[in-house]
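A look at the structure
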Amino acid sequence: MTPEFLLGFIILLIGTVSAAFPKPKTWLNRLINIEIAAWGLMLIMLSYNESLAILTFVAVTGISTFVLVRVIERRSDI
Amino acid sequence: MTDLILIIFGLIAVIGGLATAINKDPFDKLISLGILAGGAIPFIVNRGYMDVAIAVALTVPVTTIFILLICRREIT
Amino acid sequence: MSAVIAPLTSAAPLICGLIALYATIRIVCEKNTLKKLPHLNVMNFAIAASIALLVNHWLALIVAVAYFVGSTLEANAIASAWSGGLKDD
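All figures in this text were calculated on a predicted structure; none of them were measured in a lab. Sequence order as written defines residue numbering, which begins from 1 separately in each chain. Following the order in which they are written, the chains are lettered starting with A and the ligands numbered starting with 1. In keeping with the predicted nature of the model, local features appear solely for residues at pLDDT of at least 70, side-chain atom pairs appear and are counted solely at 80 or more, and the whole-chain, interface and lining totals rest on all residues. Neither water nor hydrogens contribute to the side-chain values; these are computed over all heavy atoms in the structure.

1. Overview of the overall build of chain C
Threshold: Where helices and strands are cited, they refer to DSSP runs of H or I of at least four residues and of E of at least two residues respectively, numbered from the N terminus. With a 1.4 Å probe rolled over the protein chains alone, any residue whose accessible area is under 20% of its type maximum counts as buried; one over 50% counts as exposed, and the rest are partly exposed. The accessible surface values rely on the Shrake-Rupley method and a 1.4 Å probe; as for residues, cover is taken only from the protein chains in view.
When helices and strands are counted, chain C shows three helices and zero strands. Starting at the N terminus and walking to the C terminus, you meet the elements of chain C as α-α-α. Each of the 89 residues in chain C was classed as buried or not, and the buried ones make up 39%. Looking at chain C as shown, the accessible area adds up to about 5100 Å², and 72% of this sits on carbon and sulfur atoms.

2. So, the overall build of chain B
Test applied: In what follows, residue pairs with any heavy atoms lying within 4.5 Å of each other are defined as contacts.
A count of helical and extended segments in chain B gives three helices and zero strands. Listing the helices and strands of chain B from first to last along the sequence gives α-α-α. Dimensions of chain B along its principal axes, counting C-alpha atoms only, are 50 × 25 × 10 Å. Counting the 76 residues in chain B, one finds 61% classified as buried. Here the analysis covers contacts within chain B between residues at least 6 apart in sequence; of these, 44% occur between residues at least 24 apart.

3. Looking at the packing of aromatic side chains
Filter applied, for reference: Two rings belonging to Phe, Tyr or Trp (six-membered ring only in the last case) form a pair when the distance between their centres is within 6.5 Å. Interplanar angles under 30 degrees mark stacking, angles over 60 mark edge-to-face geometry, and anything in between is tilted.
Within the structure shown, the criterion is met by three aromatic pairs over all chains. With centroids separated by 6.4 Å and ring planes inclined at 20°, the aromatic side chains of Phe5 of chain A and Phe9 of chain A adopt a geometry described as stacked. In this pair, Phe5 of chain A and Phe9 of chain A are both assigned in helix α1 (residues 3–20), four residues apart and thus about one turn of the helix distant. Aromatic side chains Phe66 of chain A and Phe66 of chain B sit 4.7 Å apart centroid to centroid with 40° between the ring planes, which places their arrangement in the tilted category. One end of the pair, Phe66 of chain A, is in helix α3 (residues 51–77); the other, Phe66 of chain B, is in helix α3 (residues 50–75), on a second chain. Among the residues examined, Phe66 of chain A registers a relative accessible area of 36% and is labelled partly exposed.

4. Some thoughts on the interface of chain B and chain C
One frequently used descriptor of interface size is the decrease in accessible area upon assembly of the parts. To keep things clear, this is the line we draw: Buried area counts how much accessible surface, traced with a 1.4 Å probe, disappears from two parts once they are put together, with both parts' losses summed. Each reported salt bridge corresponds to a side-chain nitrogen of Lys or Arg within 4 Å of a carboxyl oxygen of Asp or Glu. Polar contact is the term for a pair of N or O atoms within 3.5 Å; when the atoms are in protein, one must be able to donate a hydrogen and the other to accept it, and sequence-neighboring residues count only if both atoms are side-chain atoms.
Residue-level contacts link 35 residues of chain B with 35 residues of chain C. A combined buried area of about 3200 Å² lies between chain B and chain C, and 84% of that area is made up of carbon and sulfur atoms. Across the chain B-chain C interface, the total number found is one salt bridge. Measuring nitrogen to oxygen at the nearest pair gives 3.5 Å for the salt bridge that ties Asp28 of chain B to Lys36 of chain C. Across the contact surface, chain B and chain C share two residue pairs in polar contact (both at pLDDT 80 or more). Going through the elements one at a time, α1 (2–22), α2 (26–47) and α3 of chain B are the ones with two or more residues in the side of chain B that touches chain C.

5. Digging into the confidence of the model for chain B
Reading predicted coordinates in detail is not appropriate for stretches of low pLDDT. We apply this condition: Scored from 0 to 100, pLDDT reflects the predictor's confidence in each residue.
Mean pLDDT for chain B: 88, with 92% of residues reaching 70 or above. Element-level mean pLDDT values for chain B span from 86 in α3 of chain B up to 92 in α2 of chain B.

6. Overview of helix α3 (residues 59–83) of chain C
Residues and elements named next belong to chain C. Put simply, the rule is: In a helix, the anticipated span is given by 1.5 Å times the number of residues less one.
Here α3 spans 37 Å end to end across 25 residues, near enough to the 36 Å set by a 1.5 Å rise per residue. Every buried residue of α3 is listed here: Ala60, Val63, Ala64, Ala66, Tyr67, Gly70, Ser71, Glu74, Ala75, Ala77, Ile78 and Ala81. Phi turns positive one or two residues past the end of α3, at Gly84, with a value near 70°.

7. Some thoughts on the interface of chain A and chain B
Across the boundary between the two partners, chain A contributes 34 residues, which contact 32 residues of chain B. Regarding the contact of chain A and chain B, the summed buried area is about 3200 Å², with carbon and sulfur atoms giving 79% of it. By the criterion of area lost to chain B, the three top residues of chain A are Leu28, Ile32 and Trp39 of chain A, representing 20% of everything that side buries. Joining chain A to chain B, the criterion identifies one salt bridge. With a closest N to O distance of 3.2 Å, Arg47 of chain B and Glu4 of chain A form a salt bridge. Viewed at the interface, chain B and chain A are joined by five residue pairs in polar contact (both at pLDDT 80 or more).

And the structure:
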């Protein structure tokens, strides 16, 4: 039980609950709360010794945020 | 000594996560997300993955600026 | 010589961490959004110094520089979007 695993589990729990039930129920709050869960999952990945997995996960999180922003922007114009 | 500073950084990360979940204004949420990133990056450095830490520290502002593109449209 | 430097080196990241914790508490207790940003800068500087002092490795300096540049850019982007400066162009 490394400290990264415990901290990542706490942050992943906070992020999952707050992304499932956002307080003002808008898409922007949900998109920001997903980032908390991504940080918690990255800390859990840090507990195991795989550096390439963390690198790929961080890059994919950035790209998926870009894709979600593009989709939401196009959808809100219509 | 090393354990005490890890407890401090963990406290900063948990405070940032709770503040991100509780705040209602999108700009306050992004500021609290910066606190969460600042608390989490020293754990990567302490583990010894310096190249991963460089990549994470350069990827986080790009993600924040992507979210700011629709925050401005939301306010106006 | 080494015995004098060694406790100072081990206590320096702890002081920077305490400064970062104090700045975090100030950010959370502040109500105004614009007044949160200087305290965010204080926390970013303290964490960059703490990263550089935490590990005795030469790549830690580059990590501290990268985090410094990135977090300063992030805070300035938030301030610029809050005041709506880029919208008028």
